[in-house]
Amino acid sequence: MTPPDPPPSPPRGLGARWRQVQRLPLTLILTSLLAGLGIVQLTFQLGNLGYRTASWTRETHQTQARIRDLERDLRLLRDAEREAQDPAYLEVLARCQGFVGENEEVVVAPGAPETPGEICVTQRLP
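Report follows, based on the coordinates. (Residues numbered from 1 in each chain as written. Predicted model: local features only at pLDDT ≥ 70, side-chain atom pairs only at ≥ 80, totals over all residues. Heavy atoms only, no water.)

Thoughts on the overall build of the protein chain
Selection criterion: Strands are runs of DSSP state E lasting at least two residues, helices are runs of H or I lasting at least four, and both sets are numbered from the N terminus onward. Only protein chains enter the accessibility calculation, which uses a 1.4 Å probe; a residue is then buried when its area is under 20% of its type maximum, exposed when over 50%, and partly exposed in between. The method behind every accessible area is Shrake-Rupley, applied with a 1.4 Å probe, and residues are considered shielded solely by the protein chains displayed.
In terms of regular secondary structure, the protein chain is built from two helices and zero strands. A buried classification covers 2% of the 126 residues belonging to the protein chain. Carbon and sulfur atoms make up 61% of the accessible area of the protein chain, which totals about 12300 Å².

Quick notes on the pattern of salt bridges
Condition: By definition here, a salt bridge exists when the distance from a side-chain nitrogen of Lys or Arg to a carboxyl oxygen of Asp or Glu is within 4 Å.
By the definition in use, this model includes five salt bridges. Between Asp 69 and Arg 72 there is a salt bridge, with its nearest N and O atoms 3.5 Å apart. Taken together, the residues Asp 69 and Arg 72, both in helix H1 (residues 14–84) and three residues apart, mark about one turn of the helix. Among the residues examined, Arg 72 registers a relative accessible area of 40% and is labelled partly exposed.

A closer look at a nonpolar patch on the surface
To keep things clear, this is the line we draw: Residues with no salt bridge and a relative accessible area higher than 30% make up the patches, which join like charges within 9 Å and nonpolar side chains (Val, Leu, Ile, Met, Phe, Trp, Tyr) within 5 Å.
There is a patch of nonpolar side chains on the surface, built from Leu 26, Ile 29, Leu 30 and Leu 33 and spanning about 410 Å² of accessible area. On the secondary structure map, Leu 33 appears in helix H1. Its relative accessible area of 56% is what places Leu 33 among the exposed residues.

Topic: the environment of Thr 63
Note that Thr 63 resides in helix H1. Since its relative accessible area comes to 46%, Thr 63 is described here as partly exposed.

Considerations on the environment of Leu 76
Threshold: Residues are treated as being in contact if the distance between any of their heavy atoms lies within 4.5 Å.
Tracing the sequence through the fold places Leu 76 in helix H1. Distance from Leu 76 to Pro 126, taken between C-alpha atoms, is 8.0 Å for residues 50 residues apart in sequence. Ignoring sequence-local partners within four residues, the contact set of Leu 76 consists of Gln 123, Leu 125 and Pro 126.

Next up, the structure:
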C-alpha cells in the first residue's frame with residue numbers, strides 16, 4: 001500500500017507573491033517603531049533614575065547636617081544641665097549679673113557708667 005498523493009497546492013500567482021513582499025516593509029516599520037519606543041522609554045527611565053539619585057543624595061546630606069546640629073544642641077543642653085547643678089558655676093553667673101557675697105562690700109567708682117556693660121560672655125541655649 002502506497003500512501004496517497006498530497007493534494008495539489010493552490011497555484012501561486014503573481015498577486016500572492018506581491019502581498020508577501022508588501023508585508024515585509026510593514027513588519028520592518030512596526031519593528032523599528034517598537035525599538036524606537038523602547039529606546040525612548042529606556043532613556044526616560046535612566047534620566048528619572050539619575051534625578052532621583054541626585055535628589056536623594058542631596059536630601060540625605062541635608063538630613064545628616066541637621067542631625068549633627070541637633071546632636072551639638074543636645075551636648076550644649078546636657079552641659080548646661082550639669083553646670084546648673086555646680087555651685088561654683090552658679091556663683092560665677094551671679095557675679096556676672098552684679099550680685100555680691102554676704103560678707104563683701106560694694107565699691108562703686110566715681111566715674112562709673114550708669115548702666116554697666118556685660119562682664120561675662122553669655123551662651124544662648126538652643
